[in-house]
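# Report on the structure
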Amino acid sequence: MPILPVPSLNALLTKTLKTVKKTAAKNVHQHHVLHHTLKGLDNLPTPILERVNHQLKASTAEQYPLADAHLRLILAVSNKLKRPLALDKLPKLRQKFGTDAVSLQAPSVWQQNADASGNSENAVSWQDKTIANADGGDMTVRCYQQSKQNNEGKSTDEVAMLFFHGGGFCIGDIDTHHEFCHTVCAQTGWAVVSVDYRMAPEYPAPTALKDCLSAYAWLAEHSQSLGALPSRIVLSGDSAGGCLAALVAQQVIKPIDALWQDNNQATDTDKKANNTFKKSLADLPRPLAQLPLYPVTDYEAEYPSWELYGEGLLLDHNDANVFNTAYTQHSGLTQSHPLISVMQGDNSHLCPSYVVVAELDILRDEGLAYAELLQKEGVKIETYTVLGAPHGFINLMSVHQGLGNQTNYIIKSFACFVQNLLTSEGDEPNL
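Residues numbered from 1 in each chain as written. Predicted model: local features only at pLDDT ≥ 70, side-chain atom pairs only at ≥ 80, totals over all residues. Heavy atoms only, no water.

## Some details on the overall build of the protein
The secondary structure content of the protein amounts to 16 helices and eight strands. Taking all 431 residues of the protein together, 58% fall into the buried category. Residue pairs in contact within the protein that sit at least 24 positions apart in sequence constitute 78% of those at least 6 positions apart. (Helix = DSSP H or I, 4+ residues; strand = E, 2+ residues; numbered from the N terminus. Buried < 20%, exposed > 50% of the residue type's maximum accessible area, 1.4 Å probe, protein only. Contact = heavy atoms within 4.5 Å.)

Written out as structure tokens, the structure is:
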């Protein structure tokens, strides 16, 4: 790639931003504009990147020593695309986030579905299925599997990952996290089921949790059709999805009657439905493990990372406040209620957990506090901090080499963590 002078680079970025905005307006995903542009910038020498960063008023190496010039440029471009968030703008943001997130992804993960015959190494096929949500309506789940030919002689350990996407309980879908789920399936051989749960503000808490529990129940019943066992379901999700993964684990392992009754705004019919829903949880198998990525865990405490990283990154104070308000203001439950706040729930019998946090993240310290709480409760726990990474870094996995390497390492660590659990239970995986 030829080295352009800084004015030409600025013109290129300006043109790209305009193209992305037009793409968002038309809801066109297939061009992957952001992927090609942002990944291509990594070919430029660091001094050139730093000059562009200076002109874009990007964060500096002094501010974030472990974030390289390329990543700081990506964050600067993100800030140029970003607009102040407000409750009445959430539907429009949902569409824009969906377009931008898919535009960041590698085109190859959208093409391999057509090449599921085994001709490509680790080829993955996927299929969208319609299942019942918590209220009996339609809900989509996307099921990923490696091709049968590629799985010959290669163990998947009969594991299925149930994944809940992030987005503050308000934005995101199975498309925005397609690349990550696709990669997990390709690298581990696990079946992956991604859940398109209902979101706020249209559906406040605990609707998302109930939908995710319904998806868990569906997977427990249908896991064998995906080559997995109901006793080998691992829960995962990023950000809000990480919160949902932990809440699902809590409620499947030890459902509590009072939690499903404690809603002053619920009608008698709702309370009866909640009680029936709660009773059905007792029949579900325990999850094998939970693997949350930079999860939301605590709505009450103020942690140092809120002050350190609350402005200028992918998730800021205003974003978090708007998401929290949209999710809880009409729910009838307080933000400290155990069906909303992970830290307030019963973590004493939780499944083994591998918690990942990002260094440059407003949620970093609450994720670490959650891991510390699990350790005190005697839960098998491992943690990993991705240095120099912002909140939401898995959405940048194919445009930034370092974050891509880190994401691949995390997926490998997930697989090792789960295999060790199977081995320790005397159930050796086939290697």
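Anyway, onward from the coordinates.
## As for the nonpolar core
Core analysis: the largest hydrophobic core is formed by 71 residues, its most contacted members being L162, F164, L244, V248 and Y327. For this core, the element with the highest residue contribution is helix 10 (residues 240-253), accounting for ten residues. The contact partners of L244, leaving out residues within four places of it in the chain, are F164, F169, Y197, A208, L209, C212 and Y327. Of all hydrophobic cores here, the second largest spans 62 residues; its members include L56, Y64, V356 and A415. (Core = buried A, V, L, I, M, F, W, Y, C linked by side-chain atoms within 4.5 Å.)

## A few points about the packing of helix 3 (residues 46-55) against helix 4 (residues 69-81)
It is at 9 Å that the axes of helix 3 and helix 4 come closest, and there the two elements cross at 25 degrees. What the angle tells us is that helix 3 and helix 4 run roughly parallel. Two packed elements cross with a definite hand, and for helix 3 against helix 4 that hand is left-handed. In this structure, helix 3 uses T46, L49, E50, V52 and N53 to contact helix 4, whose residues at the interface are A69, H70, R72 and L73. By residue class, the composition of the contact of helix 3 with helix 4 is four nonpolar, three polar and two charged. (Axes fitted to C-alpha atoms, helices over the stretch in contact; angles between N-to-C directions. Parallel < 35°, antiparallel > 145°, perpendicular 65-115°, else oblique. Left-handed = near helix turned anticlockwise from the far one by under 90°. Nonpolar A, V, L, I, M, F, W, Y, C, P; charged D, E, K, R; others polar.)

## Remarks on the packing of helix 2 (residues 33-40) against helix 4
The interhelical angle for the contact between helix 2 and helix 4, taken along N-to-C directions, is 140 degrees, at an axis separation of 10 Å. If you check the angle between helix 2 and helix 4, you find them oblique. For the element pair helix 2 and helix 4, the recorded crossing hand is right-handed. Taking contact as the criterion, the partners of L34, L38 and K39 in helix 2 are, on helix 4, H70, I74, V77 and L81. Within the contact of helix 2 with helix 4, the residues separate by chemical class into five nonpolar, one polar and one charged.

## Re the sheet that holds strand 1 (residues 124-132)
The strand order 1-2-4-3-5-6-7-8 describes an open sheet built from eight strands, whose pairing is mixed. Strand pairing shows two members of the sheet lacking a second neighbour, strand 1 and strand 8 (381-390), which therefore form its edges. Taking each pair of neighbouring strands and ignoring which way they run, the sheet shows an average axis angle of 20 degrees. Relative to strand 2 (residues 138-146), helix 8 (residues 178-188) is tilted by about 35 degrees, and along the sheet it contacts strand 1, strand 2, strand 3 (160-164), strand 4 (191-195) and strand 6 (289-293). (Pairing = 2+ DSSP bridges.)

## Observations concerning unusual backbone geometry
Leaving glycine out, the prevailing phi sign among residues is negative, and the prevailing peptide bond configuration is trans. Here the bond from A200 into P201 is cis, since omega is 5 degrees, no more than 30 degrees from zero. By the secondary structure assignment, P201 is in the loop between strand 4 and helix 9 (207-222). The residue after A205, namely P206, is reached through a cis peptide bond having omega 0 degrees. Position of P206 among the secondary structure elements: in the loop between strand 4 and helix 9. The backbone of K57 shows a phi angle near 55 degrees, a positive value even though the residue is not glycine. Assessed through its relative accessible area of 77%, K57 is described here as exposed. Positive phi, close to 30 degrees, is recorded for Y294, a residue that is not glycine.

## Let's talk about helix 2
In terms of burial, helix 2 is largely enclosed, as six of its eight residues are buried. Listed in full, the buried residues belonging to helix 2 are V33, L34, H35, T37, L38 and G40.

## Some words on the confidence of the model for the protein
Per-residue confidence for the protein gives a mean pLDDT of 87, with 81% of residues at or over 70. Per-residue pLDDT stays below 50 along residues 24-30; that stretch engages in eleven contacts with residues further than four places along the chain or on separate chains. Every residue in residues 114-118 scores below 50 in pLDDT, and together they form nine contacts with partners more than four places removed in sequence or on other chains. (pLDDT = per-residue confidence, 0-100.)

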